[in-house]
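Here are the chains, one letter per residue:
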Amino acid sequence: MNEMSTSSHAVELEATPVCARAPVGLLAELTHRCPLQCPYCSNPLELERVNTELSTEDWCRVMREAGELGVLQVHLSGGEPTARKDLEEIIKAAVDAGLYTNLITAGVLLNKGRLQGLADIGLDHVQLSIQDVDAENADRIAAYKGGAAKKHQVAGWVKDLGLALTINAPLHRQNIASLPKIIDYAVEVGAGRLEVAHIQYYAWALKNRAALMPTEEEFLDTARYVKAAQERLKGILVIDFVVPDYYAKYPKPCMGGWGRGIMNVTPSGRVLPCHAAESLPGLAFDNIKDKGLREIWLEGEAFNLYRGTDWMKEPCKSCPRKEIDFGGCRCQALAPSTMAASYNTWGTACSAAR
Ligand code: FES
């Protein structure tokens, strides 16, 4: 998310300087239902039930309010957003509100006719997740037989329909050796962008960390390989590389900084500063059924808790990087201290902020 694009389109908001602009993106978790069971995704014990999901009318209102607030992009996510039968109506509302629409999907529930219909409504972009290029391993990780083959087919449809395509490849110990082939795959299917995303160790991924976390040397190999591929594929494929904070030199400005660029609406309407914010103990979240998106963005307690730098304690408070990384990912920094004991040096240094 870049600040240039935000400032040129944002509506004027009277507020403190750190939120005196609109969020760039809205992550709309339309449902937590998903046919896949990836071991690094949301905690399956805490998923929101189908009978608590927002209605079509509520989601359409969220899209309208997002457009009025000045949001630029909506990421339609889940769970699996295509599990919603009213996806078409929600996308139509987003398009009418002037939002750039990105469908974040596992692809396995789609057929070409439905995708064609979504494109006709005005869908701009599809972000397709893959678990591996080795179909057997991919289906094992997702616990979904035939998933890898279907995803390959969906990637072809996306290109046939002229939609922009991003391949999202969560990386961990169970597929890390496939990185070179994953990059080749993204080129082969004609993606414009590949997100090589080392999984982030909070929530369910933290619980499964022993099976998922690569060694530091394995991680460094991926960093070197991606850097070389970024050079080699300039003009062909953009590769974004997301590192796990465990092996990062510095913490990253997660979500571009807490409460600075992203709003996340859960299936039942809770509005979060990031998708994992519910893993932080003791936070209360506003619901879109009770308050408008604009009020929540400007005045919501959860959005203001770690917004900017005023909340910081030493040593973060006097750190020269405090307005670069904004204290890093709150959800990883505040993961249980027993787990945090194995963080590298920045994790220890940032313990004052916990
Ligand atoms: Fe919550 Fe990083 S995922 S701040």
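The present account deals with the structure reproduced in this document.

Conventions we followed
- Residues numbered from 1 in each chain as written.
- Predicted model: local features only at pLDDT ≥ 70, side-chain atom pairs only at ≥ 80, totals over all residues.
- Heavy atoms only, no water.
- Helix = DSSP H or I, 4+ residues; strand = E, 2+ residues; numbered from the N terminus.
- Buried < 20%, exposed > 50% of the residue type's maximum accessible area, 1.4 Å probe, protein only.
- Contact = heavy atoms within 4.5 Å.
- Areas by Shrake-Rupley, 256 points an atom, 1.4 Å probe, with all protein chains shown as cover.
- Axes fitted to C-alpha atoms, helices over the stretch in contact; angles between N-to-C directions.
- Parallel < 35°, antiparallel > 145°, perpendicular 65-115°, else oblique.
- Left-handed = near helix turned anticlockwise from the far one by under 90°.
- Nonpolar A, V, L, I, M, F, W, Y, C, P; charged D, E, K, R; others polar.
- Arc of directions from axis to C-beta.
- Core = buried A, V, L, I, M, F, W, Y, C linked by side-chain atoms within 4.5 Å.
- Pairing = 2+ DSSP bridges.
- Right-handed = clockwise from strand over helix to strand, strands pointing away.
- Phe/Tyr/Trp six-rings, centres within 6.5 Å; stacked < 30°, edge-to-face > 60°.
- Lys NZ or Arg CZ within 6 Å of the ring centre and 35° of its normal.
- Salt bridge = Lys/Arg side-chain N within 4 Å of Asp/Glu carboxyl O.

**Digging into the overall build of the protein**
Along its length, the protein carries 16 helices and 9 strands. In the protein, buried positions account for 53% of the 354 residues. Across the protein, the fraction of contacts at a sequence separation of at least 24, relative to all contacts at a separation of at least 6, is 74%. Summed over all atoms, the accessible surface of the protein reaches about 15,800 Å², with 53% contributed by carbon and sulfur.

**Things to note about the packing of helix H3 (residues 87-96) against helix H4 (residues 112-121)**
Contact geometry of H3 with H4 gives a least axis separation of 9 Å together with a crossing angle of 20°. One element, H3, and the other, H4, form an angle in the roughly parallel class. The handedness of the crossing between H3 and H4 comes out as right-handed. Two secondary-structure elements touch here, H3 through Leu87, Glu88, Ile91, Lys92 and Val95 and H4 through Arg114, Leu118 and Ile121. Residue composition of the contact of H3 with H4, grouped by class: 5 nonpolar, no polar and 3 charged.

**So, helix H7 (residues 179-188)**
Leu179, Ile182, Ile183, Tyr185 and Ala186 are the residues of H7 that are buried. Along the axis of H7, the buried residues cluster in a sector spanning 155°; they form a single face. Projecting away from the buried face of H7 at angles above 90 degrees are the exposed residues Lys181 and Glu188. Here the buried face of H7 lies against helix H6 (147-160), strand S5 (164-171), strand S6 (193-198), helix H10 (216-232) and strand S7 (238-242). Where H7 ends, the next residue or the one after it, glycine 190, has phi of about 85°, a positive value.

**Here's the deal with the nonpolar core**
Counting 63 residues, the largest nonpolar core has Leu26, Met63, Ile167, Leu194 and Leu293 as the members making the most contacts within it. Per-element tally for this core: the top contributor is helix H2 (residues 56-69), with 6 residues. Beyond its immediate sequence surroundings of up to four residues, isoleucine 167 is in contact with Leu128, Ile130, Tyr185, Ala186, Val189, Ala191, Arg193, Leu194 and Glu195. Counting residues in hydrophobic clusters, the runner-up holds 17 residues, among them Ile141, Ala205, Leu206 and Ala335.

**Considering the pairing of strand S4 (residues 125-129)**
Among the 5 residues of S4, 5 are classified as buried, and the element is accordingly described as predominantly covered. Burial along S4 is two-sided: His125, Gln127 and Ser129 and Val126 and Leu128, pointing in opposite directions, are all buried. Two strands pair when backbone bridges link them, and strand S3 (residues 100-105) and S4 are joined in this way by 4 bridges, in the parallel orientation. Residue pairing in the sheet places threonine 105 in a bridge with leucine 128 of S4. After leaving S3, the chain enters H4 and then returns to the sheet as S4, a path that is right-handed. The pairing of S4 with S5 spans 5 bridges and is classified as parallel. Following the sheet pairing, serine 129 is matched in S5 by asparagine 168.

**Here we look at the packing of aromatic side chains**
Taken as a whole, this structure holds 6 aromatic pairs when the rule is applied. The interplanar angle of 90° and the centroid separation of 5.6 Å between the aromatic rings of tyrosine 201 and tyrosine 246 together place this pair among those described as edge-to-face. Taken as a pair, tyrosine 201 in the loop between S6 and helix H8 (203-207) and tyrosine 246 in the loop between S7 and strand S8 (262-265) lie far apart in primary sequence, 45 residues in all. You'll find tyrosine 201 and tyrosine 246 in the same group, each marked buried. With a centroid separation of 5.7 Å and 65° between ring planes, the pair formed by tryptophan 297 and phenylalanine 303 is classed as edge-to-face. Take tryptophan 297 and phenylalanine 303: they sit in the same class, and that class is buried. Through a chain of ring-to-ring contacts, the aromatic side chains of Phe219, Phe241 and Tyr247 assemble into a single cluster. Between arginine 307 and the ring centre of tryptophan 297, over which it is positioned, the NZ or CZ distance is 4.7 Å.

**Observations concerning the pattern of salt bridges**
Summed over the entire model, instances satisfying the criterion amount to 18 salt bridges. Put simply, arginine 224 and aspartate 221 hold a salt bridge, and the shortest N to O gap is 2.8 Å. Taken together, the residues span about one helical turn, with arginine 224 and aspartate 221 both in helix H10 at a distance of 3 residues. Classification of aspartate 221 as partly exposed rests on a relative accessible area of 42%.

**Digging into the pairing of S8**
Covered by surrounding structure in S8 are Ile262 and Asn264 together with Met263 and Val265, the residues of both alternating faces. The pairing of strand S1 (residues 25-29) with S8 spans 4 bridges and is classified as parallel. Within S8, the position partnered with leucine 26 by the bridge is methionine 263. Of the strand pairs in this sheet, S8 and strand S9 (residues 271-272) are connected by 2 bridges, and their pairing is antiparallel. Counterpart to asparagine 264 in the pairing with S9 is leucine 272. With antiparallel pairing between neighbouring strands as the criterion, S8 and S9 make up a hairpin whose turn holds 5 residues, including glycine 269 at a positive phi of roughly 105°.

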